[in-house]
Amino acid sequence: MVGELQLLLPLVAPSAYFPPVSQHLGTIVHFAQKCHCFQGIKWVGVVYLFYLAWTMWHDSGGLTFDSTSPQKKPQQIVMKAILINLLNPKLTLFFLAFLPLFISPYTASPVIEMVAMSVVFMLITLIIFVLYGLLANGVRRQVVNSPGVVAWLQRSFAVAFVALGIRLALAER
C-alpha cells in the first residue's frame, strides 16, 4: 500500500499545479476572447470525440494485461499525467470561474488566499484519487474477466462520446 501511494503522489501532485498558474497567466481569458481560437479548439474537440467513439465501438478485443510488456519509467508516467492535465480544461475553468468566488474582498493578500485554497483543493483531490484507485483495483477483476461487461462498457463509452461531441458541436460559447 505504501509503495502504491508513493507512486501515485508524483502522478497527481505536479500535474495539479498548472490550473492555478494558467489562471494567473490569463490563458483561458485569451482563448475566450478570441472567437476563432474558441471555434478551432471546439471543432478539434468534436472530431476527437467522434474518433474516440468510433474506436471504442469497433474495438472487439477484451481487456488484456500483458505482463511481458516493458515497464514504463516513472518519469514517462509522470510526464503523461502532466500532459493529460495540461490539455484538460476542466480544472483550469474551475480555478478561473469557481474558486475566486470564495476570496474575501477584504483580504490583505488575495494571492496567498488563492494559493491556500488551491493547496487544500489539491490535497482533497489526492485523497479522492487514492480512493478511486483502491476502488478500481477492487472492481478490476470482475470487469477484466467478463467479456460481456467489457463489450457493454465499450459501447456505452462510444455512445457517450458521440453525445458529448454533438453537444460540443452545438455549443455557442
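Residues numbered from 1 in each chain as written. Predicted model: local features only at pLDDT ≥ 70, side-chain atom pairs only at ≥ 80, totals over all residues. Heavy atoms only, no water.

Some details on the packing of helix H6 (residues 89-97) against helix H7 (residues 110-144)
Part 1 of the argument: At a closest axis distance of 12 Å, the pairing of H6 and H7 adopts a crossing angle of 140 degrees. The angle between H6 and H7 places the two elements in the oblique class. Taken as a pair, H6 and H7 cross one another with a handedness that is right-handed. For the pair H6 and H7, contact is made by Leu91, Phe94 and Phe95 and by Met114, Ser118 and Phe121, respectively.
Part 2 of the argument: Residues that form the contact of H6 with H7 fall into these classes: five nonpolar, one polar and no charged. (Axes fitted to C-alpha atoms, helices over the stretch in contact; angles between N-to-C directions. Helix = DSSP H or I, 4+ residues; strand = E, 2+ residues; numbered from the N terminus. Parallel < 35°, antiparallel > 145°, perpendicular 65-115°, else oblique. Left-handed = near helix turned anticlockwise from the far one by under 90°. Contact = heavy atoms within 4.5 Å. Nonpolar A, V, L, I, M, F, W, Y, C, P; charged D, E, K, R; others polar.)

Considerations on the packing of aromatic side chains
Part 1 of the argument: Taken as a whole and assessed by the stated rule, the structure comprises three aromatic pairs.
Part 2 of the argument: If you follow Arg155 out to its NZ or CZ, it ends over the ring of Trp57, 4.2 Å from the centre. (Phe/Tyr/Trp six-rings, centres within 6.5 Å; stacked < 30°, edge-to-face > 60°. Lys NZ or Arg CZ within 6 Å of the ring centre and 35° of its normal.)

Thoughts on H7
Part 1 of the argument: With 35 residues, H7 extends 48 Å between its outermost C-alpha atoms, agreeing within 8% with the 51 Å of an ideal straight helix rising 1.5 Å per residue.
Part 2 of the argument: Of all the bends found along H7, the most pronounced is centred on Gly138 and spans about 35 degrees.
Part 3 of the argument: Among the residues of H7, those classed as buried are Met114, Ser118, Met122, Thr125, Leu126, Val130 and Val143. (Expected span 1.5 Å × (residues − 1). Bend = angle between axes of the 7 residues up to and from the residue. Buried < 20%, exposed > 50% of the residue type's maximum accessible area, 1.4 Å probe, protein only.)

Some words on the confidence of the model for the chain
Part 1 of the argument: Scored by pLDDT, the chain has a mean of 77; 74% of the residues are at 70 or more.
Part 2 of the argument: Counting contacts from residues 1-13, a segment whose pLDDT is below 50, to residues more than four positions away or on other chains yields 12 contacts. (pLDDT = per-residue confidence, 0-100.)

Thoughts on a nonpolar patch on the surface
Part 1 of the argument: Where nonpolar side chains cluster on the molecular surface, the patch consists of Val120, Ile124, Ile128, Phe129 and Tyr132 and spans about 480 Å² of accessible area.
Part 2 of the argument: With respect to the secondary-structure elements, Ile124 resides in helix H7. (Patch = residues over 30% accessible without salt bridge, like charges linked within 9 Å, V, L, I, M, F, W, Y side chains within 5 Å. Areas by Shrake-Rupley, 256 points an atom, 1.4 Å probe, with all protein chains shown as cover. Salt bridge = Lys/Arg side-chain N within 4 Å of Asp/Glu carboxyl O.)

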